[in-house]
Amino acid sequence: MTRAATPKLGAYAGLAALGLLGALATRRPELVVLAAPFALSAALGLLLARRPQLDATVELAVDRALEGDELELRVQLQADAGAERVEVLLELPRELVVEDGYNPVLLRLRDGERRDLLFRVRCTRWGGFRVGRIYVRASDAFGLFRHETVLDRRVPLKVYPAEESVRNLLRPLETQVFSGNHVARQKGEGIEFADLRPFVPGDRIRRVNWRASARRGELWVNEHHAERNADVVILLDSFAEVRRGDRTTLDPALRAAASLAARYLRQKDRVGFVAFGGFLNWLLPSTGTSQLYRIVDAMLDTQIVLSYAWKDIDTVPRRTLPPQALVLALTPLLDERSQAALLDLRGRGFDLVVIEISPLSFLSTPEGELAELGHRLWRLRREAVRGRFERAGIPVAVWGDESSLAAALEEVSTYRRQARAVHA
Amino acid sequence: MAAGDRLPAVVAAVGTAGCALTALALPGRWPSLLPAGLAGVGGGYGVLVGLHSGVANGAAPAVAAALFAAAELGFWSLERGAARYERPALVRRLLGIAGGAVATALVGSLVLAAASGVSGGVGLEAVGVAAAALTLAAIAFLASRSSV
C-alpha cells in the first residue's frame, strides 16, 4: 500500500508550533492550552502510525446473466493488520448498477478481521465484463496518514441480451438433409400428407390408403412430406450504428439475433452467425445448446469498428454461408457496403430476409427548416434503398420502437407467402 | 484612542479573518486554507488574552476544546470521497472527536492549574522554552521517520 501524509499532519504540527511559540512570546499559558491538543494529536498519530495489510476476494453468484437480471456480488475483505477507517470502492462498468449495498463504503477493520460486503448488482446492458477491481484507502484513527492500494481481483461476467418475444419463426424456402421440424418439399418420413401413389413391394401396410384403394380397385399408399432441418445464418450488420445516450441500434439487433438463434436451435436447425462490418466475426452453422453459447459469446464481442475499407460478401468464408441457407440480416441500413453485400447475396440465390433496425427512434427531432428538409431527404433515401431490396425480391421488415420483432417477422412471412402466390 | 478601546476591534478583526478563511476553505475544499483560518481564530483569542494582563483566562480549556473539535470536523469535511459510513465507524469517529474535545478541556485545565501555581522567573521560562522546543522537535522527528 502506498502511504501519504494528509494535509492534517502538517496543519496540526504548524498549529502546535504557532501556539507554543506564541505562548513563549506573549508568556500566556492559554496559548499552550490551545496548542496542546494539536501537538498531542500529531505526536500520538505519528507514534501509533502503522501500515495496514488488507486483502480482498471477489465472488460472483453467477458468471452468466441476462440483461435486466440482478446478481449478487460478494467482496470479502481480510485484514491482517486492520485500520480505523477503510474506504472500499468496487469499480463497476457503467452497464452494472448497484441496486443494494453501498459503493463506496467506509468501515472499520480490526486486526485479523474478515468482512463480507454484499452488493446486489443489476445488469442494464449486454456485454462481456471483468468485475472486481477494488480501490482501498485506509487511514488511522488520527487521520494523519492515508494508505491506498488497488486490488485487482477481477472475475469474468457475461451478460447476454434479453430475449425478444417471437411467436412464429420464418420458414426457410429450402431444407437440409437432417431431420428437423420443417416440412420439406421432398417426400419421405413425416406426418404431413403429400400425395398418393400405387403400392409397391416394400411399402408398409399402415401407409395404405384404404379409401383410395377401394375406389380404384388396387392398393394405393399415402406419401408424406419429410421433416427436415434447415440452415439459418444470422447476419449482423456492424458497419455503423446510431447511438443516443446508452442506447444504440446494435442493442435491439443483438437481442433479436440472440432470440432468433435460440429459437431456431431449439427446433434442431443449424444456425451460423456473421458479424459483418469493420470487424468481421463469424461462426460456422451448427446445432445444439453449445452452439447457442458460442453464438451469444461471439455476439458479445461484436462492436462497431469504424472502417473506410470497402468490404464485400467475398470476405466472409464460403462455408459460413452454406447454399440453401436462410440468411436473416439485421441491419440499420446505414452503410452502403452492407447494402451492396446483401444485394450480392440475393444475386447469388440466397434465401435472404432483411430486418431493418429502425434508427428513427434514436434520432432527435430536427429543428429548423433546413434540418427538417435534410431529415426528409434522408428518409426518402432510405425508402429508395428499401425499394431496391424489394425489387430484388428481398423482403424488408422495419422493426422500431412502435412495433415488435414478432410483428416484423409476421410482415416478412406475409410478404413471402404473397410473393410465392404471385410466382405460382 | 486608548489601547483598551481598540481591543474589541482588533479581536473582532483577527477572529473574523480566521472565520472567513475557514468559511472559504470548507466549501472551496482547500485544505491548506483551513489551518490558516484556525490559526486566525486562535490568534484572535490570543490577542484577547494577550492584552489582558493578569490571571489566566479560565475559558481557555473550553476555547481549546472548541477549536480542536472545529479542526477535526473541518478536516473531516475536507476529506475526499463519497463513501457511506457504516454506523459503527461513524459512531466511533464522532465519539473520537467528542473524546478529543473533552481530553483537550481536561489537559487544558491541568495546564492552567499548573501555570497558575508557579511564579515567573528566568529558570521557569527556560524550562518552558525547552519544553516547547522539545515538543516541536519530537513532532518533526516522528514526521520525518513516518514520511513516505
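Residues numbered from 1 in each chain as written. Chains lettered and ligands numbered in written order. Predicted model: local features only at pLDDT ≥ 70, side-chain atom pairs only at ≥ 80, totals over all residues.

(A) How the structure looks around the overall build of chain A. When you go through chain A residue by residue, the secondary structure sums to eight helices and 20 strands. Taking 22 Å as the expected radius of gyration for a compact globule of 424 residues, we find that chain A reaches 34 Å, considerably beyond that expectation. On the principal axes, the C-alpha backbone points of chain A span a range of 135 × 65 × 35 Å. Looking at chain A residue by residue over its 424 residues, the buried ones come to 40%. Excluding contacts between residues fewer than 6 apart, the proportion of contacts in chain A whose partners are at least 24 apart in sequence is 72%. (Helix = DSSP H or I, 4+ residues; strand = E, 2+ residues; numbered from the N terminus. Rg over C-alpha atoms; globule rule 2.2 N^0.38 Å. Buried ≥ 20, exposed ≤ 12 C-beta atoms within 10 Å, placed from the backbone. Contact = placed C-beta atoms within 7 Å.)

(B) Summary view of the interface of chain A and chain B. Of the residues lining the interface, 45 residues belong to chain A; the matching set on chain B comes to 49 residues. Take the side of chain A that touches chain B: its biggest share by element is 16 residues, from helix 1 (residues 7-26) of chain A. Class assignment for the residues of the side of chain A that touches chain B results in 33 nonpolar, five polar and seven charged. By the bridge criterion, two bridges tie strand 7 (residues 105-109) of chain A to strand 1 (residues 84-85) of chain B in an arrangement that is parallel. For leucine 106 of chain A, the partnering residue across the bridge sits in strand 1 of chain B and is tyrosine 85 of chain B. (Nonpolar A, V, L, I, M, F, W, Y, C, P; charged D, E, K, R; others polar. Pairing = 2+ DSSP bridges.)

(C) View of the nonpolar core. In this structure, Ile234, Ala257, Val327 and Leu328 of chain A are the most contacted members of the largest nonpolar core, which totals 84 residues. Top contributing element to this core by residue count: helix 4 (residues 250-266) of chain A, with ten residues. Formed jointly, this core draws a minimum of three residues from each of two domains, domain 2 (53-160) and domain 4 (231-423) of chain A. Residues in contact with valine 327 of chain A, not counting those within four places in the same chain, are Val233, Leu235, Leu321, Leu345, Phe350, Asp351 and Leu352 of chain A. Grouped together as the second largest cluster of nonpolar side chains are 46 residues, Leu9, Ala11 and Phe145 of chain A together with Ala65 of chain B included. (Core = buried A, V, L, I, M, F, W, Y, C linked by C-beta atoms within 7 Å. Domains from an automatic or database assignment.)

(D) Expanded view of unusual backbone geometry. The omega torsion of the bond from asparagine 103 of chain A to proline 104 of chain A falls at 5 degrees, within 30 degrees of zero and hence cis. When you line up the elements, proline 104 of chain A lands in the loop between strand 6 (96-100) and strand 7. The phi torsion at lysine 268 of chain A lies on the positive side, around 70 degrees, for a residue other than glycine. Looking at the secondary structure, you find lysine 268 of chain A in the loop between helix 4 and strand 16 (270-277). For arginine 29 of chain B, which is not a glycine, the phi torsion comes out positive at approximately 55 degrees. With respect to the element layout, arginine 29 of chain B can be found in the loop between helix 1 (3-28) and helix 2 (33-51). Taking the number of C-beta atoms within 10 Å as the measure of exposure, arginine 29 of chain B has 12 and is therefore exposed.

(E) Examining the environment of leucine 21 of chain B more closely. Residue and element names in this part refer to chain B. You can see leucine 21 is positioned in helix 1. Taking the C-alpha atoms as reference points, leucine 21 and leucine 33, separated by twelve residues in sequence, lie 6.4 Å from one another. The residues touching leucine 21, leaving out its near neighbours within four places in the chain, are Leu33, Ala36, Gly37 and Gly40.

(F) Region of interest: the confidence of the model for chain B. Summarising the model, chain B shows a mean pLDDT of 81, and 80% of its residues fall at 70 or more. Interface confidence for the predicted complex, given as ipTM, is 0.86, next to a pTM of 0.74. (pLDDT = per-residue confidence, 0-100.)

(G) A look at the sheet that holds strand 8 (residues 114-123) of chain A. Residue and element names in this part refer to chain A. With antiparallel pairing, the four strands of this open sheet are ordered in space as 2-4-8-6. Edge positions in the open sheet fall to strand 2 (53-60) and strand 6, since each of these has one partner strand only. This sheet shows a mean twist of 35 degrees between the axes of neighbouring strands, independent of strand direction. Note: strand 2 against strand 4 (residues 70-81), eight bridges, orientation antiparallel. Pairing of alanine 56 across the sheet is with leucine 77, part of strand 4. (Axes fitted to C-alpha atoms, helices over the stretch in contact; angles between N-to-C directions.)

(H) Summary view of the domain arrangement of chain A. As assigned here, chain A comprises domain 1 (2-48), domain 2 (53-160), domain 3 (187-227) and domain 4 (231-423). Here the C-alpha centroids of domain 1 of chain A and domain 4 of chain A sit 71 Å apart.

(I) Structural view of the sheet that holds strand 20 (residues 396-399) of chain A. Residue and element names in this part refer to chain A. The strand order 17-16-13-18-19-20 describes an open sheet built from six strands, whose pairing is mixed. Looking at the sheet topology across the chains shown, the edges are occupied by strand 17 (281-286) and strand 20. On average, adjacent strands in this sheet sit at an angle of 20 degrees to one another, irrespective of strand direction. Alignment of strand 13 (residues 231-238) against strand 16, held across eight bridges, turns out to be parallel. From the neighbouring strand, valine 233 faces strand 16, where its bridge partner is glycine 272.

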